[in-house]
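Overview (structure and organization)
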Amino acid sequence: MDADCDLSSGAARLDAMRRRAAAKGIPLHGTLALTHRCNFRCIHCYVLPNANPPSAELSTADWLSLAQEAAAAGCFSILLTGGEPLLREDFAEIYLGIRKMGIHVILFTNASRVDAHVIETLCAAPPRVIEVTVYGATPETYRRVTGRAEAHAETLRGLALLREAGLPVRLKTVLMQPNRHEFEAIRALAAEGERAPRYDAVIQPRFRGDAEIERLRVPPAEVVEMEARAIPDLAGQWRRQRGRQGKSSPAGAPRLYGCASGLISFYVAADGMVQPCVSAVRHGIRYERGGLLAAFRAGRRSVQGLCAPPGYACATCADRFFCSSCPPIAELECGDEAGKCAYACELAHERSRRMAAPV
Ligand code: SF4
Ligand code: SF4
């Protein structure tokens, strides 16, 4: 069997597994926000305004018990995030405990707290990938985004330690007004052999009715120009990806949540709220020992049972493939789960136009 055949049969097996899990209500993936604390103060951060005191965070034993329940229910991959997850003093215990359960781990971090102990922990049972968010290419931009110029050097130092240890790293960034001039410089920090950096241009409101967030967003037409400049063959990549996903959306689908939110994945906030995804706060249920699967399935029923109102534009939108708006983000943005995030909508249409343009 050649490599291409191997890859496509692997992808087909994964697809079949996802379909089975979706039909049976099996949580294959979990995201655990170990803490809402952070040593940065990013201007766009939606975590910090909602941060709980450390005393409200789940304990080491709670996180391990929750992960054990997830593994028993069929979960094979867990994303550890925060806040900044490396601020947990028990990070090593939680991380290694989860890895010993045979679960793959993806780690999101700002890298500033990576030290010899963290490296030793990660090397003992390497994660699938460590995604490091880079907010700028200079101390001044770090100061403007995170509130601390020295965070730039701290991040680069942590990143260097991860790379020296041979751990799998991928960079990502949040594209916004204060760092837009360094978008390409940030992307250029990716080392040879690493996957291309990810980026997000749609900054979600930090809280309901957050009018300030708009001034941080880069106008959609400019985002598309910047990404087309930075990423060769962007339109081609989109075409191929859309082709693989089929003709997009559940056109005409009666469900409000057209995404897979809660179908085969769950999110747990630092204080133990089990939600279908990070944004679906109103569908959260507090974790009790032994109750993860029941909480996951209740959240799943809660979102998947919601019908779209008559005339819901997103259900039949041809540009949905490009769109990152979704009901909880729409609710934050305009107070209505069935509304839409105007910025994400405009960006989706811009990207669609770019893809359709003659090469
Ligand atoms: S590094 Fe992440 S969690 Fe910390 S303040 Fe910035 S966006 Fe928020
Ligand atoms: S928000 Fe706009 S682009 Fe996104 S799915 Fe709805 S109508 Fe389409």
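It should be noted that the structure appears before, not after, this text.
In this report, the structure presented in the accompanying data block is examined. Keep in mind it's a predicted model, so treat the numbers as computed, not measured.

1. Describing the site of ligand 2
Taken together, Cys 314, Cys 317, Cys 323, Ser 325, Lys 340, Cys 345, Ala 348 and His 349 are the residues near ligand 2. Looking at side-chain class alone, the shell around ligand 2 contains five nonpolar, two polar and one charged residues.

2. Re the pattern of salt bridges
Applying the stated criterion across every chain, the model contains 24 salt bridges. Put simply, Arg 18 and Asp 15 hold a salt bridge, and the shortest N to O gap is 3.9 Å. Of the two residues, Arg 18 and Asp 15 both sit in helix H1 (residues 3–24), three residues apart, roughly one turn of that helix. Accessibility expressed as a relative area gives 34% for Arg 18, which makes it partly exposed. Look at Asp 15 and you get partly exposed, because its relative accessible area is 39%. Ionic pairing is found between Glu 337 and Arg 282, a salt bridge with its closest N-O pair at 3.9 Å.

3. Some words on helix H10 (residues 292–304)
An ideal rise of 1.5 Å per residue puts 18 Å on 13 residues; H10 measures up with 18 Å between its terminal C-alpha atoms. Within the span of H10, buried status applies to Leu 292, Ala 295, Phe 296, Gly 299, Arg 300, Val 303 and Gln 304. Buried residues in H10, looked at end-on, bunch into an arc of 150°, giving them a common side. In this structure, H10 carries Ala 294 and Arg 301 as exposed residues pointing more than 90 degrees from its buried face.

4. Some thoughts on the pairing of strand E4 (residues 129–133)
For E4, the tally of buried residues reaches five of five residues, placing the bulk of the element in the interior. By the alternation rule, side chains of E4 split into Val 129, Glu 131 and Thr 133 and Ile 130 and Val 132, which are all buried. Pairing between strand E3 (residues 104–109) and E4: four bridges, direction parallel. Looking across to E4, one finds that Leu 107 is bridged to Ile 130. At this point the chain moves from E3, through helix H4 (residues 116–124), to the parallel E4, and the crossover so formed is right-handed. Examined bridge by bridge, E4 and strand E5 (residues 169–174) share four bridges and lie parallel to one another. Counted as the bridge partner of Val 132 is Leu 171 from E5.

5. Focus on the sheet that holds strand E7 (residues 265–268)
The nine strands are arranged E6-E5-E4-E3-E2-E1-E7-E8-E9 in an open sheet whose pairing can be described as mixed. With partners counted over all chains shown, the strands left at the sheet margins are strand E6 (198–200) and strand E9 (285–286), one partner each. The pairing of strand E1 (residues 29–33) with strand E2 (residues 77–81) spans five bridges and is parallel. Each bridged residue has a counterpart across the sheet, and for Ala 33 the counterpart in E2 is Thr 81. Sitting on the sheet, helix H2 (residues 60–73) touches E1, E2 and E7, and the angle it makes with E7 is about 175°.

6. A word on the nonpolar core
If you look at the biggest cluster of nonpolar residues, it comprises 53 residues, and the most contacted ones within it are Leu 32, Leu 66, Leu 80, Ile 98, Leu 122, Val 132 and Leu 162. Residue contacts for Leu 80: discarding those within four places in its chain leaves Leu 32, Leu 34, Pro 85, Phe 91, Tyr 95, Ile 98, Val 105, Ile 106, Leu 107 and Phe 108. Counting residues in hydrophobic clusters, the runner-up holds 21 residues, among them Ala 201, Phe 322, Tyr 343 and Ala 348.

7. Points about the site of ligand 1
Contacts to ligand 1 come from Cys 38, Phe 40, Cys 42, His 44, Cys 45, Leu 48, Gly 83, Asn 110 and Tyr 135. For the shell around ligand 1, the per-class residue count stands at six nonpolar, three polar and no charged.

8. Points about the packing of aromatic side chains
Under the definition given, this model contains seven aromatic pairs. Measuring from centroid to centroid gives 6.2 Å for Tyr 135 and Tyr 142, while their planes differ by 80°, and the two rings are edge-to-face. Look at Tyr 135 and you get buried, because its relative accessible area is 11%. Exposure remark for Tyr 142: the relative accessible area of 0% places this residue in the buried category.

Scoring rules and cut-offs
Chains are numbered independently. Their residues run from 1 in the order of the written sequence. Here the convention is simple: chains get letters from A, ligands get numbers from 1, in the order in which they are written. For this predicted model, a pLDDT threshold of at least 70 governs which residues receive local features, and a threshold of 80 or more governs which side-chain atom pairs are given and counted, while totals over whole chains, interfaces and linings are taken from all residues. Hydrogens are left out, water is left out, and the side-chain values use all remaining heavy atoms of the structure. The nearness test applies per residue and asks whether one of its heavy atoms lies within 4 Å of the molecule or strand. Gly counts as polar in this scheme, as do all residues outside two lists: the nonpolar Ala, Val, Leu, Ile, Met, Phe, Trp, Tyr, Cys and Pro, and the charged Asp, Glu, Lys and Arg. For salt bridges, the criterion is a side-chain nitrogen of Lys or Arg within 4 Å of an Asp or Glu carboxyl oxygen. The numbering of helices and of strands both runs from the N terminus, where a helix is a DSSP run of H or I of at least 4 residues and a strand a run of E of at least 2. Only protein chains enter the accessibility calculation, which uses a 1.4 Å probe; a residue whose area is less than 20% of its type maximum is buried, one above 50% is exposed, and one in between is partly exposed. Multiplying 1.5 Å by the helix residue count minus one yields the expected span of that helix. Note that the arc is computed from the directions linking the helix axis to the C-beta atoms. One requirement defines pairing of two strands: DSSP has to find at least two bridges between them. A right-handed crossover is one whose linking path, passing over the helix from the first strand to the second, runs clockwise when the strands point away from the viewer. Residue contacts are counted whenever heavy atoms from the two residues lie within 4.5 Å of one another. Only the contacting stretch of a helix is used when fitting its axis, a line to C-alpha atoms as for every element, and angles between N-to-C directions run 0 to 180 degrees. Here, nonpolar core means buried Ala, Val, Leu, Ile, Met, Phe, Trp, Tyr and Cys residues that are tied together by side-chain atoms lying within 4.5 Å of each other. The aromatic pairing rule takes the rings of Phe, Tyr and Trp, using the six-membered ring of Trp, and pairs them if the centres are within 6.5 Å, calling planes under 30 degrees apart stacked, those over 60 edge-to-face and the rest tilted.

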